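# Chains, contacts and geometry: an overview
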Amino acid sequence: MALSMMGCGSRIGALLASALGLSPCVAYASAPETATAAASAFHVLSTGIEWQHGPVVMRITVLRDDVVRVRIGRNGALPEDASWAALPAARRASVAVTGFSTADAAGFSTGAMKVSVARRDGGVTVTDRTGRVLLSDLDGAVLPDRRGAGFTITKAIPDDAHYFGLGDKFGPLDRLGRSFVMWNTDSYGYQEGQDPLYKDIPFFIGYTKGGYYGVFLDNSWRTSFDFGKARRGELTIGADGGPVDYYVLAGPDPGDVERAYAWLTGTPAMQPLWALGFQQSRWGYPTERDVRSVVARYRHDRIPLDAIWLDIDYQQHFRPFTVDPGTFPTFGRMVADFTAQRVHTVAITDLHIADLPNAGYAPYDSGMAQDRFVKTGAGQPYVAPVWPGPTLFPDFTQAATRAWWGTLYRQFYLEDGIAGFWNDMDEPAIFETPTKTMPLDNRHRIDEPGFASRVAFHREIHNLYGMQNHRATYEGLLALKPDERPFVMTRATYAGGQRYGVTWTGDNSSTWNHLRLTIPMLESLGLGGFTFSGADIGGFAGSASADLLTRWIEVATFTPIARDHSDEQSLPQEPWIGGRRHEDIRRRFIEARYRLLPYLYTVAEEAARTGLPMMRPLFLEFPEGLLDGTPLDLATGSQFMLGRALMVAAPPTPESPGPYSVILPAGGWYEYWTGRPVGGLRPLSLWGAGGLFITLKDTGPAAPHMVSITPRLDQLPVYVRAGSIIPRQPLVQSTGETPRGPLEIDVYPGANCQGSVYADDGHSFAFRQGVYSRVALSCTVEADHGVAVTIGRPEGSFQPWWRSYRVVVHGFDHAPHGIGGNGGNGTRPIPVAYDGAAGSAQFTVSADGAANTYRLRP
Ligand code: MIG
């Protein structure tokens, strides 16, 4: 197929051939055995294969059975083997392969995939172990871009394909039929379809024929991805310059793809526990008094709160690392007072250092003295307007610059007790220029272990700038407090930036459509490694109606980072705005989040350990999909999983009071709020591909079902997967408060019933030395309908806050007849309470450190 398109005189053939310095007819029209065989050669490597064709050299190596790397050099040599994203250990890994060679192609197989390279044009075909073709080049290995330094790779899009990922793109989860650009851009008030936005995460997950795989293009230049928009059936990946260096991750399980991507680019930085609490921010708390009164109001109204954010308002003339003594006269005491109320303070510290010679501004003085700033094309320090007026830009791709930057945090972090930091504007954003950023020929320096030292122009560094700013802050905080998990949030980043912490979706708007699209946006960030992500609750630009803010808080209750933030121009947006009735609903949801903290933290730790995101599209948990394997998310729109057990079913059109359908994947579900099995199930019916309404014939328990919901503003449908066990805790007003009472273990019987609870000190790295506690939980429904619940022996040496477990077993339609099992056979019987209305049986047992099974007799 690909070969037949490459005839003599075809546009594409001519382009490639001219790049190779050959006449198109010599390269492509003659019989392969004469002309092409002379021009191209294979070299078999122990861990892959190399193909050479004139000045083009392509090396494909296997890092592990399910991960291959493709690198192409177009001037006789491979690009430098260096990366800001892919970890050195992963790039150095290799496995031996079994090679093959035929008349037309050569390649190799691993345990998980087969790679074949066409002799004639280097076209690569990657197949998984089941024979499913994941990727196949249409136009040979690579085409030069017409503009010169760039390139284009064109791959076939199978008929049933769908694509997910690419980070903070603002539209539907499925990227099919759309195109995207990666060029980090300050995008105040962005709207649906607007692109590019703030981040460059050039990693996507493809779906075809019931299986999933991943593709990561490790190139920081301006890149583009077209999923069949320009030409149906063609996936093009292009860049303005830089290396052709991409990885294929085999799957076919999408969770395995996610884990492989984390292996390659790193797991997300484990956050302190307080990062999962509720957070309040605003641009435009003008004085210390205003900020203090916000915190006081939270405590007075008994709305849980863990963090208060300081935007640029606290600074003197918007100069980073200063405090305005007029408006924030007792800054250090204010932070200490918040700490005493168990509220963490997060402060913005933008990268733009005011150009202030001879003014005693230490960041300028030390930065200039050490020559730490980005230069113009002519080699002078580059100065451009941002918040403080004329400013300088740290050259973060030098390790020494990052070390210097880190020292700027000493006062805030060590003396003032500020708990976390916010790196904004690091696309980098620049005022008063149509490009919104710095000139492409500005000079950065790469001075970095693992890289050849050299000058690099802004066009190469642009998309890395935010990531390296984030990294500088993260590593700087680590240097100042080596045993504290840093909390740093950035706006711009690149693939791999998850290693440095948190991000958010930038300047969204207070509209219903933004609330709706927040879900796929956060899911996509999670697929790209950025699991610790949030969207400004209530929306940033514009003013939220009371209804919108209420609904937004409800949904954000179940997103990894929950921060209310708004624009300087907008009306107030704290949870009490809009009256008592709204405040009561919002408080109830924020409280629900705090009760769920043991589960949230367990899911967060899993994400930080494995790379599986906290917030998951349905396809991650139910890869078997719909009918023919199609990802469930294409039919649901706004349903998402939080961990393995919870499914949130926000209204797909959140402003509409009209009923909507929720898809319940096969296996059985409970209602989260009542604990009862879901009633009112209907067979699944959907709009099919041809616009037909299809009703699934199979209505047995193994089939997915639907349930119809009439939305109410004070409710958000949330479901628990049968076969889950969810840990919860008594209500607290802050994660810094020790819960009083037992750990609650909610058991939702079903097949493969499991769960766990993870705990540690919530802020240090002692967990790496085994100072944590993980308790495995499981349950079995027995033949006589009894339910056995097993609470494992805690792993690790950490002693959590609870001394007992309150076990609540859901789905019991009558009172059980006592408790047996090794945990229930002691001298004193364990009392069981039965709640007929809830259909749940509960009992409390001490957390004695042993493994115990409690058997509820039917
Ligand atoms: O030019 O610091 O996205 O969250 O409130 C605007 C002020 C700069 C943009 C951020 C926003 C923040 C605002 N910042």
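Quick notes on the rules
- Residues numbered from 1 in each chain as written.
- Predicted model: local features only at pLDDT ≥ 70, side-chain atom pairs only at ≥ 80, totals over all residues.
- Heavy atoms only, no water.
- Helix = DSSP H or I, 4+ residues; strand = E, 2+ residues; numbered from the N terminus.
- Rg over C-alpha atoms; globule rule 2.2 N^0.38 Å.
- Buried < 20%, exposed > 50% of the residue type's maximum accessible area, 1.4 Å probe, protein only.
- Contact = heavy atoms within 4.5 Å.
- Areas by Shrake-Rupley, 256 points an atom, 1.4 Å probe, with all protein chains shown as cover.
- Lys, Arg positive; Asp, Glu negative; His and termini not counted.
- Charge placed at Lys NZ, Arg CZ, Asp CG, Glu CD.
- Pairing = 2+ DSSP bridges.
- Polar contact = N/O pair within 3.5 Å; in protein donor to acceptor, adjacent residues only side chain to side chain.
- Near = heavy atom within 4 Å.
- Nonpolar A, V, L, I, M, F, W, Y, C, P; charged D, E, K, R; others polar.
- Salt bridge = Lys/Arg side-chain N within 4 Å of Asp/Glu carboxyl O.
- Arc of directions from axis to C-beta.
- pLDDT = per-residue confidence, 0-100.

### Digging into the overall build of the protein
Of regular secondary structure, the protein possesses 17 helices and 53 strands. Taking 29 Å as the expected radius of gyration for a compact globule of 858 residues, we find that the protein reaches 28 Å, a close match to that expectation. Burial statistics for the protein: of 858 residues in total, 60% are counted as buried. Within the protein, counting contacts between residues at least 6 apart in sequence, those at least 24 apart form 68% of the total. Summing over all exposed atoms, the protein offers an accessible surface of approximately 30100 Å²; the carbon and sulfur share of this is 53%. The centroid of the 77 positive side-chain charges in the protein is displaced by 2 Å from the centroid of its 87 negative side-chain charges.

### A word on unusual backbone geometry
Omega for the peptide link from G251 to P252 comes to 5°, which places this bond in the cis form. Within the fold, P252 resides in the loop between β19 (244-249) and α5 (254-265). In this structure, M425 takes a positive phi of about 65° despite not being glycine. Within the secondary structure, M425 is located in the loop between β26 (420-423) and β27 (443-446).

### Considerations on the sheet that holds strand β39 (residues 682-683)
Spatial ordering of the open sheet is given by β37-β42-β39, a layout of three strands whose pairing is antiparallel. Since the sheet does not close on itself, it has two edges, and those belong to β37 (660-664) and β39, each with one partner. Where β39 and strand β42 (residues 705-709) come together, two bridges link them in antiparallel fashion. Within the sheet, the bridge partner assigned to R682 lies in β42 and is M706.

### Quick notes on the side chain of S510
Along the polypeptide, S510 turns up in the loop between β31 (502-504) and α12 (512-527). On the basis of relative accessible area, S510 is assigned to the buried category, the value being 11%. Engagement of the side chain of S510 in a polar contact is seen with the backbone oxygen of G539, the distance being 3.2 Å. Here S510 is in contact with G538, G539, F540, A541, G542, S543, A544, L548 and Q573, once residues within four sequence places are set aside.

### Some words on the site of the ligand
Close to the ligand lie 13 residues, the nearest being D311, D424, R491, D507 and H565. Within the side chain of W387, a nitrogen or oxygen atom sits 3.1 Å from an oxygen atom of the ligand. Within the contact set of the ligand, an oxygen atom lies 2.4 Å away from a side-chain nitrogen or oxygen of D507. Each residue belonging to the shell around the ligand can be placed in one class, and the counts come to eight nonpolar, one polar and four charged.

### Points about the pattern of salt bridges
Evaluation of the coordinates by the stated rule reveals 46 salt bridges. With a shortest N-O distance of 2.9 Å, D371 and K375 are connected by a salt bridge. On the accessibility criterion, D371 (43% relative accessible area) is partly exposed. One salt bridge connects R616 with E606, and the closest N-O pair in it is separated by 2.9 Å. Of this pair, R616 sits in strand β34 (residues 615-616) while E606 sits in helix α15 (residues 597-610); the two residues are ten residues apart in sequence, bridging distant segments of the chain.

### Some remarks on helix α8 (residues 362-369)
Within an α-helix, residues lying three or four positions from one another point in the same direction, as the helix has 3.6 residues per turn. For α8, every residue scored as buried is listed here: P363, Y364 and G367. In an axial view of α8, the angular spread of the buried residues amounts to 95°, which keeps them on one side of the axis. For α8, the elements touching its buried residues are β23 (353-354), β25 (389-392) and α9 (399-407). Just beyond α8, the residue with positive phi is D371, at close to 60°.

### Let's talk about the confidence of the model for the protein
Low pLDDT means the predicted atomic positions in that stretch should not be read closely. Taken over all residues, the pLDDT of the protein has a mean of 93, while the share at 70 or more is 93%. Between the elements of the protein, mean pLDDT differs from a low of 26, seen in helix α2 (residues 24-29), to a high of 99, seen in strand β20 (residues 278-280). Predicted confidence for residues 1-38 stays below pLDDT 50, and this span has 61 contacts to residues more than four positions away or in other chains.

### Topic: the sheet that holds strand β24 (residues 384-386)
The strand order across the open sheet formed by three strands is β23-β25-β24, and the pairing between neighbours is antiparallel. With one partner strand each, in any of the chains shown, β23 and β24 form the two edges of the open sheet. When β23 meets β25, the two strands line up antiparallel, connected through two bridges. Counterpart to I353 in the pairing with β25 is L392.

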